[in-house]
Amino acid sequence: MPFPKSLQQPFRRNKLVVGSGWRAFFAPYNIALGSSVASTVIGPTIVDLTQGPFDSYNMPFALADLGWIKDFKITVESKVGQVRSGYRGAVRTQYRGQVGETWECKFNEYGRMQVKLASGTNVFNLLAASGQSGGTVGPLSASGAPSTNVTAYTPGTPVAWNQTQTVSPTLTVASAAAAQITVGSYIAVDYDYVPGTFGAALGDAGVPIYKNAVTDVDYFRKTTDFVARVTAINSNVLTLDQPLVGGGSGNPTPNFNPLTGFASFTSPTQLRCQTIKGFVAREGGTYIGEFSALLICDTVDTAQLVYYYPHVSILQNRDFAAGWTIENAGTTDEGGMQLDAQFSALAFDDPLDGETVVCYRGYYFKPQEAPAI
Amino acid sequence: MAYQDAIYSHYNWVKARIKIKNPDRKVAGLLNAQDWPEKPFKYDTFFLLDLNDVSVGRQGFSPSNPIKLRQVQWTWINSGTDLKQGERKPNRGDRFNLMLTMQEELLYALYPGYCEKLTWSLNAAGIWIGDSLTPPEFITWTPVEFHKKWDKESSIGYGAGAVSVQDITDQITS
C-alpha cells in the first residue's frame, strides 16, 4: 500500500497559483443613471466576464489601467445569521444577513485618475494660461481663459492607456497659439458650463452643482477627467500622449465615449481646450467618486484571478502621499509617495437571477487544468 | 529527464534572451560550480554554475513533491581589450564598462523571472530538445544579486549574478 497521503501530502503542481500581485483597471460609473433609479443594474460599466481572461495590454469595456496596486486586501462585511433552537440551543439553520465588502489598496503609480479614485473627490484641474488675474476670492476661482474651440478628436489605435499606440490620439483645435498651447503643454478638454444649470451629476465627469452656485464657464474644464499632454502640434492638430480617459459618468447620455470620442463638438455647448498645470483634490464637498473596477492577478502558468466590482465607491481617503521607505536613501527623510485608498463595494442586482451582490471573484483556467478539483 | 529540467529550462531561457539582447555574446554552458573555470578559459562569456539545492521549509514542503530552491550563478570574467599597435589609451581600459554591459545583458535576460519548465532530451542529431510537460509547468526565480571582484595585478574582473530557481520536482511514488 502506498504511504498515506496525509503523511506525504502529494499535490498536483498545476493546481498551485503563483502570481505577482494585483493590477487595477477602472471604468466610469454613470452616477446620473445610477442615482435616478431604484435598480442598481443601471449605472455600472458592465464587464462581460465571459470575455476573459483579460489581456492586460488591451483591456475591453473602456477599462483604464491604473497600474500596480500593493497591499490589496478585502474585508468581507457580509453576515451569516444563525437560528438556534431546542434545549441545547444548537444551530438549526443559517441565513444570509447583510451583504457588503470593503477593500483597500495602495496605488504605487501616482496620477490624476488614481487620486480621483483614492480621494473620491471631483479633482480640480489647475488652469495654467499665463497673464490671468489671480484669485483673491477662492483658491480655485481664478479664470483660466484663454481657451480654444475643439473641432475633432481621434483616440488613436489601439485605444489603450499607459502603453504605446501605433497611431497616437489627436485633438484638432481652432488655434493652439490662442490658448497658449505649445508642445509639452498639459491640456484639459470639455464643454462650457452654462451658468444657471444645476444638478446632481453634470458634465461627463458627473460633478454636482447647486442652483446658482457656479458662475464659472470653465467649471467643467476645471473638473474634467479629459486631460492629456501635447506631444506635437501640426497646423492646430495636437498629438496627445494618450487617449482621453474617463467620461460616461454624467448625463444619462454621455457626450464622450472613451473608445470612439465625443458625440458632438458643439452640443450641449462648445467643446474647448485649455492648458493646465496640475490638479487639486479637496477634502470635503458633496461629490463621492463612483466607478466600476476590475482587479487582475495573472499567474505564471497563464491562469487569471479577477475581482470585478460593478459599483465601487470611496470609503475613506487614507493618505494622499503615504510614504514608503526607499532603502539606503541617505540620511534625509527621503521616501516614495503612494496613494493609500479604501473602497466600499456597493450593491448590484444581478440581472441573471435578481440576487443582490457586491463583487464577482473569478478564476480562468490554465491550459490542461483539471477543472473540477 | 526530471530533476535536471528546471536548471536546463532556466539556462536555455536566459541564454535565448541574452542572444536577443546581444547576438554576439557567447553563452558557453552549464556546469557544476566546482568544475569552473574550465581550461582554456573563455573571457567575456557567460557560464551558468550549479551551486547547491535548498529545500523549501514548512511553508511548502511535501515529501512527495519536494520544492527545491536551486541556487545557481551566472558567471563571467572580463579582462578588457588589449591595445593594438599604435593605439594610445589605457590598456584594458574598457573592462569596467564591459562588466556593466554584461550585467545589463543578464538583467535583461532574466526577465520576467519565470519560464515554462520543459523536459529535455537529445535527439538523433545530438541537439537538445525541450518538450512541454503535460500539464504545462513553470519555474520561477528570484531577483538577481550581482557580485564583482577585481584582481589589481592582472586587471581581471570576475562577475557573478546569483539567482535561486524554484522547482517543484516530479512526484516521488511509493
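Fair warning: this is a prediction, and the values are worked out from it, not measured in the lab.

**A word on the interface of chain A and chain B**
In this assembly, 14 residues from chain A lie in contact with 14 residues from chain B. Grouping the constituent residues of the side of chain A that touches chain B by class yields 7 nonpolar, 4 polar and 3 charged.

**A look at the nonpolar core**
If you look at the biggest cluster of nonpolar residues, it comprises 81 residues, and the most contacted ones within it are F25, F26, I187, V189 and L294 of chain A. Element by element, the count of residues in this core is highest for strand β18 (residues 304-325) of chain A, at 6 residues. When residues no more than four places from it in sequence are discounted, the contact partners of F25 of chain A are M59, L63, A64, D65, L66, L294 and I296 of chain A. The next biggest cluster of nonpolar side chains, apart from the first, holds 27 residues, and it includes I7, V27, A109 and C115 of chain B.

**Overview of the domain arrangement of chain A**
Residues and elements named next belong to chain A. Taken as a whole, chain A is organised into domain 1 (19-117 + 288-364) and domain 2 (125-280). Using C-alpha coordinates to define each centre, domain 1 is positioned 28 Å away from domain 2. With 16 residues of domain 1 at the contact, the number on the domain 2 side is 21 residues. At the level of secondary structure, the elements contributing two or more residues to the side of domain 1 that touches domain 2 comprise α2 (31-35), β2 (64-76) and α3 (112-119). Ranked by the residues each element gives to the side of domain 1 that touches domain 2, the list is headed by α2, at 4 residues. Classifying every residue of the side of domain 1 that touches domain 2 by side-chain character gives 10 nonpolar, 4 polar and 2 charged.

**Quick notes on the pairing of strand β7 (residues 156-168) of chain B**
Residues and elements named next belong to chain B. Pairing analysis gives 12 bridges linking strand β3 (residues 67-78) to β7, with the strands arranged antiparallel. Residue pairing across strands places L69 opposite Q166, the latter belonging to β7. Two strands pair when backbone bridges link them, and strand β5 (residues 128-141) and β7 are joined in this way by 2 bridges, in the antiparallel orientation. Looking at the pairing, W141 lines up with V165 of β7. Both strand β6 (residues 145-151) and β7 contribute to a ladder of 7 bridges, which runs antiparallel. When the sheet's bridge partners are listed, H147 is paired in β7 with A160. A loop of 4 residues connects β6 with β7, the two strands running antiparallel in sequence, and S155 in this loop sits at a positive phi of about 70°.

**Focus: helix α2 (residues 95-109) of chain B**
All names here are of chain B. Its 15 residues give α2 an end-to-end C-alpha distance of 21 Å, which sits within 8% of 21 Å, the value for a rise of 1.5 Å per residue. Buried within α2 we find R95, M99, M102, E105, L106 and A109. The arc that holds every buried residue of α2, seen down its axis, measures 125°, which confines them to one face. With respect to the buried face of α2, the exposed residues turned more than 90 degrees away are N97 and E104. Against the buried residues of α2 lie α1 (5-21), β3, β6 and β7.

**Brief notes about unusual backbone geometry**
A cis amide bond links T157 of chain A with the next residue in sequence, P158 of chain A, at an omega value of -15°. For P158 of chain A, the position within the fold is in the loop between β7 (148-154) and β8 (170-173). Between K39 of chain B and P40 of chain B the backbone carries a cis peptide bond, its omega angle lying at -5°. Its place among the elements puts P40 of chain B in the loop between β1 (26-32) and β2 (45-55).

What counts, and at which threshold
- Note that residues are indexed from 1 along each chain, following the sequence as it is written.
- Lettering of chains starts at A and numbering of ligands starts at 1, both following the order in which they are written.
- Totals for whole chains, interfaces and linings use every residue, but because this is a predicted model, local features are given only for residues with pLDDT of at least 70 and side-chain atom pairs only at 80 or more, for both listing and counting.
- We call two residues in contact whenever the C-beta atoms placed from their backbones are within 7 Å.
- Residues are sorted three ways: Asp, Glu, Lys and Arg are charged, Ala, Val, Leu, Ile, Met, Phe, Trp, Tyr, Cys and Pro are nonpolar, and all the rest, Gly among them, are polar.
- Nonpolar cores are built from buried Ala, Val, Leu, Ile, Met, Phe, Trp, Tyr and Cys residues. These are joined into a set through C-beta atoms within 7 Å.
- Buried means a residue has 20 or more other C-beta atoms within 10 Å of its own C-beta, exposed means 12 or fewer, and partly exposed covers the counts in between; C-beta atoms are placed from the backbone.
- Helix and strand labels come from DSSP, where a helix needs a run of H or I of at least four residues and a strand needs a run of E of at least two; each type is numbered from the N terminus.
- The split of the chain into domains comes from an automatic or database domain assignment.
- Any two strands with at least two DSSP-identified bridges between them are counted as paired.
- Helix span, as expected, comes to 1.5 Å for every residue beyond the first.
- Arc, as used here, means the arc of the directions from the helix axis to the C-beta atoms.

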